[in-house]
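Here is how the chains run, residue by residue.
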Amino acid sequence: MNRRRDNMTNEKHINLMDDEVTSNLVVEDQIARNITELLNDRAQQLKPQQEQRLSAARGLAIDYLAEQQAQLASGNRVSQNGNALRWFGQHLEQHRVTSVALILAVMLLTFFAVQHLSLNNNLENSDAFLLASDLPPEAYADKGFNAWLDSN
Amino acid sequence: MATPKELSDFLVAVERRAFKQTVYAVRDDHAALDIVQDAMMKLAEKYGNHPASEFPMLFQRILQNTMRDFWRRQKVRNLWTTLLSSFGGNDADGEERDPLETIDVEDDSDEPSAVLARNQTIQLIERALEKLPARQRQAFVLRYWEEMDVAETAEIMGCSDGSVKTHCSRAVHALALELKKQGLDKLGLSNAIFDKNSSIKKGD
């Protein structure tokens, strides 16, 4: 019985705390709204030169966007190739690190492929030469061979 | 992709608030105008191809970052100024500046007394806002003035939702207390929270 009464008291206490937190939040919110209302009033009372400066800044930003969009639109009309190149250019611009790594990887791969092919080619050439030759390879290592060849 | 008209409408709607918000943060009108202009250009340059619905969030993030850059540069400049000034003395002409010359006095003599009182109230609020710690001011401005929700504010500030709530709550309490100190508890907005504050303090 006592335990139940304690539980009920605790619940009431928690409810009261919740109410207090909620009312605190409402009050905070109300104060904040009133303050921002006054700040909004203030923001409407800028000096003429500040207004002009903001207007000029806005104009610059809008002109930039309009120009960008006009360029994009004219680029779209040029050709499909142009589009692909622009896409590639934009891709490079946006993913610089990835693009540089990709280009380096392709260069390295090409280098090793060329090296590998040229080595194979050299081996093939020397094998073909030896096989096609009349003389055995030991003859070229013999020191007296050249003298014998001259005397005959 | 947003059209130039959509960008223009968005900037018209936010530019004044953005400017005032920046002034409260950097306390320099000219620097604030530069920062807002930079933010506008960056929005057009980097995010012009985004839908207009994303502009509020993107613009606020850019603005906050541009302010942060300004503070960083300012810190470096101040360091050098301190270092260099230790070598020199007063101004070159030997005259000390009169601080009264730099105070911007507005002529409200023609205004009705009610408008004057309101302006004074706003000035007090602005001063109180400037006194707030940077994070509290940022949270207050984004959450209440820019009317962003907690999650958006947290994303822009780079912190958790809980931190935003804490910063906002502290900012409102600090502003209310500051206004009370200035005798503005009859503004019709702060009595309730003063009562709460005093009861909280008593509870401590």
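Here, residues in each chain are numbered from 1, in the same order as that chain's written sequence. Naming scheme: in the order in which they are written, chains are lettered from A and ligands are numbered from 1. Side-chain atom pairs in this predicted model are given and counted only at pLDDT of 80 or more, local residue features only at pLDDT of at least 70, and totals for whole chains, interfaces and linings cover all residues. Water and hydrogen atoms play no part in the side-chain values, which are based on all heavy atoms of the structure.

**Q** Got a minute to help me understand the interface of chain A and chain B in this structure?
**A** Many structure descriptions define interface size as the accessible area lost when the parts assemble. Any two residues whose heavy atoms approach within 4.5 Å are treated as being in contact. In this assembly, 36 residues from chain A lie in contact with 52 residues from chain B. Here the quantity called buried area is the accessible surface, traced with a 1.4 Å probe, that two parts lose on coming together, added over both. Buried area between chain A and chain B, both sides added, is near 4100 Å², and the carbon and sulfur share of it is 64%. Among the residues of chain A in contact with chain B, A:L39, A:R42 and A:R53 are the three that bury the most area, contributing 16% of the side total. Salt bridges are counted wherever a side-chain nitrogen of Lys or Arg sits within 4 Å of a carboxyl oxygen of Asp or Glu. Where chain A packs against chain B, one counts 4 salt bridges. Among the salt bridges present, the one from A:R42 reaches B:E126, with a minimum N-O distance of 3.2 Å. Distance and chemistry together define a polar contact, namely a pair of N or O atoms within 3.5 Å, with one atom able to donate a hydrogen and the other to accept it when in protein, and with adjacent residues in sequence counting only for side-chain atoms on both sides. One can count 10 residue pairs in polar contact (both at pLDDT 80 or more) joining chain A with chain B. Those elements that provide at least two residues to the side of chain A that touches chain B are α1 (2-43) and α2 (48-78) of chain A. Secondary structure is summarised from DSSP: a helix means a run of H or I of at least four residues, a strand means a run of E of at least two, and numbering begins at the N terminus for each. The greatest single-element share of the side of chain A that touches chain B, amounting to 18 residues, is contributed by α1(A).

**Q** Explanation requested: the side chain of A:E28 in the structure shown.
**A** Inspection of the secondary structure assignment puts A:E28 in helix α1. The cut-offs for exposure are 20% and 50% of the maximum accessible area for each residue type, with area from a 1.4 Å probe on protein chains only; residues under the lower value are buried, those over the upper are exposed, and the others partly exposed. Charged residues are defined narrowly, with Lys and Arg counted positive, Asp and Glu counted negative, and His plus the chain ends left uncounted. Buried within the structure, A:E28 lacks any salt-bridge partner; B:R143 is the closest side chain of opposite charge, at an N-O distance of 8.9 Å. For A:E28, the side chain forms a polar contact with the side chain of B:S169, separated by 2.9 Å. A polar contact of 3.1 Å, which involves the side chain of A:E28, links it to the side chain of B:H173.

**Q** What's the story with the environment of B:E146 in this structure? I'm lost.
**A** All names here are of chain B. Along the chain, E146 turns up in the loop between α6 (134-145) and α7 (150-157). With 89 residues separating them along the chain, E146 and M57 place their C-alpha atoms 9.8 Å apart. E146 has contacts with R17, Q21, Q60 and V141, leaving out every residue within four places of it along the chain. Of note is the side chain of E146, whose polar atom sits 3.2 Å from the side chain of R17.

**Q** Where do I start with the packing of aromatic side chains in this structure?
**A** Each aromatic ring pair is characterised by the separation of its centres together with the angle its planes make. All names here are of chain B. Each Phe, Tyr or Trp ring, with Trp reduced to its six-membered ring, pairs with another whose centre is within 6.5 Å; inter-plane angles below 30 degrees give stacked pairs, above 60 give edge-to-face pairs, and intermediate values give tilted ones. Summed over the entire model, instances satisfying the criterion amount to 5 aromatic pairs over all chains. Here the aromatic rings of F10 and F55 are separated by 5.6 Å at their centres, their planes lie at 50°, and the arrangement is tilted. A residue pair is termed long-range when its members are at least 10 positions apart, and F10 in helix α1 (residues 4-26) and F55 in helix α3 (residues 55-85) qualify at 45 residues. The buried category is assigned to F55, whose relative accessible area is 0%. Ring centres of F140 and Y144 lie 5.4 Å apart, and the angle between their planes is 50°; on these two criteria the pair is classed as tilted.

**Q** Looking at this model, I keep getting lost on the confidence of the model for chain B. Mind explaining?
**A** Regions with low pLDDT carry predicted coordinates that are not meant to be interpreted in detail. All names here are of chain B. For chain B, mean pLDDT is 79; residues scoring 70 or higher make up 75% of the total. Scored from 0 to 100, pLDDT records how confident the predictor is in each individual residue. In the predicted structure, residues 99-109 sits below a pLDDT of 50 and forms 5 contacts with residues beyond four places in sequence or in another chain. Counted against residues more than four places away or in other chains, residues 190-204, with its pLDDT under 50, gives 21 contacts. Interface confidence for the predicted complex, expressed as ipTM, amounts to 0.71; the pTM equals 0.61.

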